[in-house]
Amino acid sequence: MTARTGETFNERSKGKDIRMSNIVAAKAVATAIRTSLGPRGMDKMIQKGDGEVLISNDGATILSQMQVMHPTAKMLVELSKSQDIEAGDGTTSVCVIAGALLDACGQLLSKGIHPTQIASSFMKACNAAETILEGISRPVDLTKREDLISAVNTCLSSKVVSQNSDVLAPIAVDSVLGVIDSAAAKNVDLRDIRMVQQVGGTIDDTELVNGIVFDKGAKKSAGGPTKFENAKIALIQFCLSAPKSDMENNVVVSDYAAMDRLLREERKHILGLCKKIKKSGANVVLIQKSILRDAYNELSLHFLAKMDIMVVTEIDRNDVEFIARTLGCQPIAHVDSMTSDKLGSAEHVGEVSIAGSGHKVVKMTGVKNPGKTMTVLLRGSNKLVLAEADRSVHDAQCVVRSLVKKRFMIAGGGAAEAEISLRLKELSHGATGMDAFCMKAFAEALEVVPYTLAENAGLNPINIVTELRKAHTEGVKGAGINVKKNKITDMYEENVLQPLLVSTSAITLATETVCMILKIDDLVVVM
């Protein structure tokens, strides 16, 4: 009697095809950004639909700009975003690891191992990898600034602005330490650090301001002051212009006397507002943007200049909370509630010229800063460099945040991955059945990180990875690839360090994504 061939066979073959299609799509995304890994990684130039150009080698930035159609490939884009949120660094590594694990899955599936078995073994291997990483990590003391700068330098070494890391690394560390209590903090809110970009000069001119910087100069069309010592600052949300009715209407003026009376009333109204501002004791006024009517007019600027009050306009609604926390002032919504207790203070307020562009900014320093905030004034020769510097400093701050969340460091340069690979292979010898097979495949897949680092640095990857294995077998846990000297050295001695959270998060997130992709056996399109 012939064997029955029917629906069960078709179902199985369909699931197999879908799985392979998913693996190929996700691997394609991982391969696309693999060349951006490490200090010798290449940069990608991204041209958007509107013609804007972006240059970056940050995995999350590149993937977020890619137009990915395949649903599984989109999972890798989301994976990179998750790593960016959790750790802020290692966004390229997480995709490269996921790609290598998917490659290992493809080989295991072709040998007939069931996807559920592979997923379960991979999760066991992932948990073991975390334990190994914690075993080789070293505790970090947040009061030791040099250790934090070493970790930030490792992060910045792979960025476009790596040659400016000696300036940006201390700024990133000090800006984060300035907004937290080092002893008790468990997390950092990076919204407490404001980034102000100014074209002009070079990245080396970037500075950390313990206060606040406004990216526009003071309004001095009416000849108002541009500098104050011991300033009293008012943040106003009402308009210094003539009132308007709520509905659109026209006023028909038939004679000169009525016209004169109208202008006189307007002048009297604005002068009344300015006198109340002066009476409160404010000598610097910040005016919020208004969409309903003019937030100020030339007449109000003229009166304020006569009263020797400095004016900064165009304050964005989103910045109001940050300004209030930094200066210790309260936003004033109506002129009648303008009292001296709602004013903020600063020891020095002044307009500063930006060298190289002729642009002016207003800088306020010597603030009480009850909300613990910091401002970074980023400088660069053009907008492309500024945008990349902004992303790089944000990543550097995320590295410090990772060290605040989990106060341990591990060696960089592929040392962690090589150590996990070696220890997992040893563990696989003690495991039984399919677990041993899958664990070995997981261990070999992790070697993709040192392999890619060597490949991107123009070294012979097979020789370098073999040397790296040998060093780890001999017990040098910090041995990694030194791309500057083109050889294997101890990363702890070279001060190439990275937060433990970056590596544990990358391996966990990559493994979870791969297991999710493995368990998909059909694609249902809903129109």
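Residues numbered from 1 in each chain as written. Predicted model: local features only at pLDDT ≥ 70, side-chain atom pairs only at ≥ 80, totals over all residues. Heavy atoms only, no water.

A.B. asks: Can you help me understand the overall build of the protein chain in this one?
C.D. replies: Secondary structure summary: the protein chain contains 17 helices and 17 strands in total. For 527 residues, the compact-globule formula gives about 24 Å, and the C-alpha radius of gyration of the protein chain, at 30 Å, lies well above that figure. In terms of overall dimensions, the protein chain has a C-alpha envelope of 110 × 60 × 40 Å along the principal axes. The burial tally for the protein chain puts 52% of its 527 residues in the buried class. At a minimum sequence separation of 6, the contacts of the protein chain that also span at least 24 residues come to 78%. Total accessible area on the protein chain stands at roughly 25,600 Å², and carbon and sulfur atoms take up 52% of it. A distance of 2 Å separates the average location of the 62 positive side-chain charges in the protein chain from that of its 62 negative side-chain charges. (Helix = DSSP H or I, 4+ residues; strand = E, 2+ residues; numbered from the N terminus. Rg over C-alpha atoms; globule rule 2.2 N^0.38 Å. Buried < 20%, exposed > 50% of the residue type's maximum accessible area, 1.4 Å probe, protein only. Contact = heavy atoms within 4.5 Å. Areas by Shrake-Rupley, 256 points an atom, 1.4 Å probe, with all protein chains shown as cover. Lys, Arg positive; Asp, Glu negative; His and termini not counted. Charge placed at Lys NZ, Arg CZ, Asp CG, Glu CD.)

A.B. asks: Could you clarify how one ought to interpret helix 7 (residues 165–177) in this entry?
C.D. replies: Each turn of an α-helix holds 3.6 residues, which means side chains three or four residues apart point in the same direction. With 13 residues, helix 7 extends 18 Å between its outermost C-alpha atoms, agreeing within 8% with the 18 Å of an ideal straight helix rising 1.5 Å per residue. Counting buried residues along helix 7, 11 of its 13 residues qualify, which places the element largely inside the surrounding structure. Listing the buried residues of helix 7 in full gives Ser165, Val167, Leu168, Ala169, Pro170, Ile171, Ala172, Val173, Ser175, Val176 and Leu177. Where helix 7 is buried, its residues meet helix 6 (145–156), strand 4 (193–199), strand 5 (207–209), strand 13 (374–380) and helix 11 (383–405). (Expected span 1.5 Å × (residues − 1).)

A.B. asks: What am I meant to see in the nonpolar core here?
C.D. replies: Looking at soluble globular proteins, one finds that nonpolar side chains tend to be buried together. Counting residues in each nonpolar core, the largest one holds 73 residues, and the members touching the most others are Ile118, Phe122, Leu424, Phe442, Ile481 and Ile507. It is helix 4 (residues 91–110) that provides the largest number of residues to this core, a total of 12 residues. Residues contacting phenylalanine 442, with those up to four places away along its chain left out, are Leu101, Phe122, Ala125, Cys126, Leu424, Ile507 and Thr511. If you look at the next biggest cluster of nonpolar residues, it comprises 42 residues, including Val176, Ala185, Val400 and Met409. (Core = buried A, V, L, I, M, F, W, Y, C linked by side-chain atoms within 4.5 Å.)

A.B. asks: Teacher, can you tell me more about unusual backbone geometry here?
C.D. replies: What is expected of a backbone is that most residues other than glycine have negative phi and most peptide bonds are trans. Here asparagine 230, not a glycine, exhibits a phi torsion of approximately 50°, which is positive. Within the secondary structure layout, asparagine 230 lies in strand 7 (residues 227–236). One non-glycine residue with positive phi stands out, namely glutamate 314, at about 60°. Tracing the backbone shows glutamate 314 in strand 9 (residues 310–315).

A.B. asks: Help me understand the environment of leucine 37, please; the structure alone is not making it clear to me.
C.D. replies: As for its placement among the helices and strands, leucine 37 is situated in the loop between helix 1 (7–34) and strand 1 (44–47). We classify leucine 37 as buried; its relative accessible area is 6%. Separated by 417 residues in the primary sequence, leucine 37 and alanine 454 place their C-alpha atoms 10.0 Å from one another. Aside from chain neighbours lying at most four places away, what touches leucine 37 is Thr92, Ser93, Val449, Thr452, Leu453 and Asn456.

A.B. asks: Explanation requested: the sheet that holds strand 13 in the structure shown.
C.D. replies: Each strand in a sheet pairs with another by means of backbone hydrogen bonds, the pair being arranged parallel or else antiparallel. Taken together, 3 strands build an open sheet; the order of strands is 4-13-5 and the sheet is mixed. The open sheet has two free edges, formed respectively by strand 4 and strand 5, since each of these has just one partner strand. Taking each pair of neighbouring strands and ignoring which way they run, the sheet shows an average axis angle of 25°. In the sheet, strand 4 pairs with strand 13 via 7 bridges, with the strands oriented parallel. Residue pairing for strand 13: glutamine 197 is matched across the bridge by leucine 378. (Pairing = 2+ DSSP bridges. Axes fitted to C-alpha atoms, helices over the stretch in contact; angles between N-to-C directions.)

A.B. asks: Could you clarify how one ought to interpret the pattern of salt bridges in this entry?
C.D. replies: Think of it this way: side chains of opposite charge can pair up when their charged atoms draw near. Counted under the stated rule, the structure contains 23 salt bridges. The shortest N-O distance in the salt bridge between glutamate 455 and arginine 34 comes to 3.3 Å. Here the residue glutamate 455 occupies a position in helix 14 (residues 448–456), and arginine 34 occupies one in helix 1, the gap between them amounting to 421 residues. Of the residues examined, glutamate 455 reaches a relative accessible area of 39% and is grouped as partly exposed. We classify arginine 34 as partly exposed; its relative accessible area is 25%. With a closest N to O distance of 3.1 Å, arginine 191 and aspartate 189 form a salt bridge. Residue classification places aspartate 189 among the partly exposed positions, given a relative accessible area of 33%. The network of salt bridges with shared partners includes Asp58, Lys159 and Asp395. (Salt bridge = Lys/Arg side-chain N within 4 Å of Asp/Glu carboxyl O.)

A.B. asks: Would you mind going over the side chain of aspartate 192 with me for this structure?
C.D. replies: Within the fold, aspartate 192 resides in the loop between helix 7 and strand 4. Setting aside anything within four residues of it in sequence, one finds aspartate 192 in contact with Val179, Phe322, Arg325, Lys372, Thr373 and Met374.

A.B. asks: Looking at this structure, I do not really get the pairing of strand 1. What am I missing?
C.D. replies: Within a regular strand, the side chains alternate between the two sheet faces. Of the two faces of strand 1, only the one carrying Lys44 and Ile46 is buried; Met45 and Gln47 on the other face are not. As paired strands, strand 1 and strand 2 (residues 53–56) are joined by 4 bridges and run antiparallel to one another. Bridge pairing links lysine 44 to serine 56 in strand 2. Taking the residues between adjacent antiparallel strands as the criterion, strand 1 and strand 2 are bridged by 5 residues, where glycine 51 takes a positive phi near 90°.

A.B. asks: What's the story with the state of the cysteines in this structure? I'm lost.
C.D. replies: Working definition: the covalent bond between the sulfur atoms of two cysteines is a disulfide. Within the structure shown, the criterion is met by 0 disulfides. Cysteine 95 carries a free sulfur, and the closest cysteine sulfur to it, the one in cysteine 105, is 15 Å from it. Sulfur of cysteine 274: no disulfide; nearest cysteine sulfur belongs to cysteine 239 and is 13 Å away. (Disulfide = S-S within 2.5 Å.)

A.B. asks: Which parts of the structure should I look at to understand the environment of proline 461?
C.D. replies: Checked against the element boundaries, proline 461 lands in helix 15 (residues 461–473). Since its relative accessible area comes to 13%, proline 461 is described here as buried. When the C-alpha atoms of proline 461 and valine 448 are compared, they prove to be 9.9 Å apart, with 13 residues separating the residues in sequence. Those residues in contact with proline 461, other than ones at most four positions away along the chain, are Tyr451, Ala454 and Glu455.

A.B. asks: Is there a simple way to explain the sheet that holds strand 3 (residues 138–139) in this structure?
C.D. replies: Strand order in the open sheet formed by 3 strands is 3-14-17, and the pairing between neighbours is antiparallel. Each having just a single partner strand, strand 3 and strand 17 (497–499) make up the two edges of the open sheet.

These figures capture arrangement, not role.
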